[in-house]
Amino acid sequence: MSKEQRLTVVPARYPGRVFGAIVALFILASVMDSVAFNPRWEWSVFARWFFDPVILYGLGQTLLLTLFGTVLSLFFGGLLALARLSSSWLLSTLAFGYIWLFRSLPLIVVLIILYNFSYLYDTLSLGVPFTALSWGHFQTINVLGQFPAAVIGLTLVQSAYSAEIIRGGFLGVDHGQFEAASALGLSSSRRTFRIILPQALRAIIPTTFNEIISLAKGTSMVYVLAMPELFYTIQMIYNRTQQVIPLLMVGAAWYLIITTVLSLLQHSVERWLARSVTREPQPSRWRQWRNRPVTSIANEELSHVRGH
């Protein structure tokens, strides 16, 4: 085929898509203009409080609650999931009852009950039920302060959701994998942690990170305990200064940062887990954009060679 007869490949055009993008950009620009140049948002107040030590302390408490709540809920949720999948009717029933109960109770109710636990029970003792035999007791008021009550409440509720997520991941693994692992003579623990769990993780991770993000925002509920986490700290400040909107924007910005970091971490974990099912890892969006001109040139040269 001569040079004059070479076929020209014309990319497909999508006028509707271009029009929709222009409209979306117009709306976005309008919203940004109204937010950036409206003096009633009081961005100077936002800048004044964003890195204030009091706000940063509340942020640290929020991050600690998220960390402890995540680790403990995944641990106990994993145990509950294994109990739900157990062949023992007693373990399965008890795990189901726990999950049913704490998925039914609002988090705020659990937190208030825990915070008033010392009113319900002055002391806790270790002994044999329905007898006077006891090996020791301690005052509950010395144990369940604000931070422990918040961590326990978040863990109790979040463990129920984590258990169902983990159980769903295990159930998503093909039953033949269980049979193959049993045929190899592997013990139950090795069968679970070496064969089933790595396959279940790809289904567990996305929903788990979604719950972690919800937990990070759900820590704002511990304001009922008067604990100085991020949201309660912001409430105390704007109740004193009456600068409600800019201070709420401070909290919204910090929650947005936390969510963004967790989302990036989720993306990295998913790419790492995908190595076992793809020959070549999917390039990142930045790498795809950077290599786009090179790819188009290579495709053009390839089409030219095929034409000859």
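Parameters and conventions
- Residues numbered from 1 in each chain as written.
- Predicted model: local features only at pLDDT ≥ 70, side-chain atom pairs only at ≥ 80, totals over all residues.
- Heavy atoms only, no water.
- Helix = DSSP H or I, 4+ residues; strand = E, 2+ residues; numbered from the N terminus.
- Buried < 20%, exposed > 50% of the residue type's maximum accessible area, 1.4 Å probe, protein only.
- Contact = heavy atoms within 4.5 Å.
- Core = buried A, V, L, I, M, F, W, Y, C linked by side-chain atoms within 4.5 Å.
- 1 Å grid on protein atoms, 1.4 Å probe; cavity = no way out; pocket = protein on both sides within 12 Å on 5 of 7 lines; lining within 4 Å.
- Points joined across faces, edges and corners; volume = space filled by probe spheres on them.
- Nonpolar A, V, L, I, M, F, W, Y, C, P; charged D, E, K, R; others polar.
- pLDDT = per-residue confidence, 0-100.
- Axes fitted to C-alpha atoms, helices over the stretch in contact; angles between N-to-C directions.
- Parallel < 35°, antiparallel > 145°, perpendicular 65-115°, else oblique.
- Left-handed = near helix turned anticlockwise from the far one by under 90°.

**Description of the side chain of Thr219**
Here is step 1: The topology assignment puts Thr219 in the loop between α9 (188-218) and α10 (230-241).
Here is step 2: The exposure class assigned to Thr219 is buried, which follows from its relative accessible area of 0%.
Here is step 3: Contacts of Thr219, omitting those with residues within four sequence positions, involve Thr62, Leu65, Thr66, Leu154 and Glu229.

**Some words on the nonpolar core**
Here is step 1: If you look at the biggest cluster of nonpolar residues, it comprises 23 residues, and the most contacted ones within it are Trp49, Ile55, Leu230, Val250 and Trp254.
Here is step 2: Elements supplying a minimum of two residues to this core: α2 (43-50), α3 (53-84), α9, α10 and α11 (244-273).
Here is step 3: Top element by residues in this core is α11. It accounts for 8 residues.
Here is step 4: Once you skip the residues sitting within four places of it in the chain, Trp254 turns out to touch Phe50, Phe51, Ile55, Leu56, Leu59 and Leu230.
Here is step 5: Leu80, Phe102, Val110 and Ala149 belong to the second-largest nonpolar core, a separate cluster that totals 21 residues.

**Considering empty space enclosed by the protein**
Here is step 1: Applying the stated criterion to the full structure yields 2 cavities of 30 Å³ or more.
Here is step 2: Its volume calculated, the largest cavity comes out at about 50 Å³.
Here is step 3: Lining the largest cavity we find Thr70, Ser73, Leu74, Gln158, Ser162, Thr208, Glu211, Ile212 and Leu215.
Here is step 4: Elements with a minimum of two residues in the lining of the largest cavity: α3, α7 (146-171) and α9.
Here is step 5: Of the residues forming the lining of the largest cavity, the biggest block, 4 residues, is contributed by α9.
Here is step 6: Taken together, the residues that form the lining of the largest cavity break down as 3 nonpolar, 5 polar and 1 charged.

**Points about the confidence of the model for the chain**
Here is step 1: In this model, the chain carries an average pLDDT of 84, and 87% of its residues clear a pLDDT of 70 or more.
Here is step 2: In this model residues 294-308 is a low-confidence stretch, pLDDT under 50, and it forms 3 contacts with partners more than four residues away in sequence or in other chains.

**Observations regarding the packing of helix α5 (residues 107-115) against α7**
Here is step 1: Relative to each other, α5 and α7 sit at 140°, their axes nearing to 9 Å. Taken as axis vectors, α5 and α7 run oblique relative to one another. Note on packing geometry: the crossing formed by α5 with α7 is right-handed. Contact residues: Leu107, Val110, Leu111, Leu114 and Tyr115 in α5; Gln146, Ala149, Ala150, Ile152, Gly153, Leu154, Leu156 and Val157 in α7.
Here is step 2: The residue makeup of the contact of α5 with α7, split by class, is 11 nonpolar, 2 polar and no charged.

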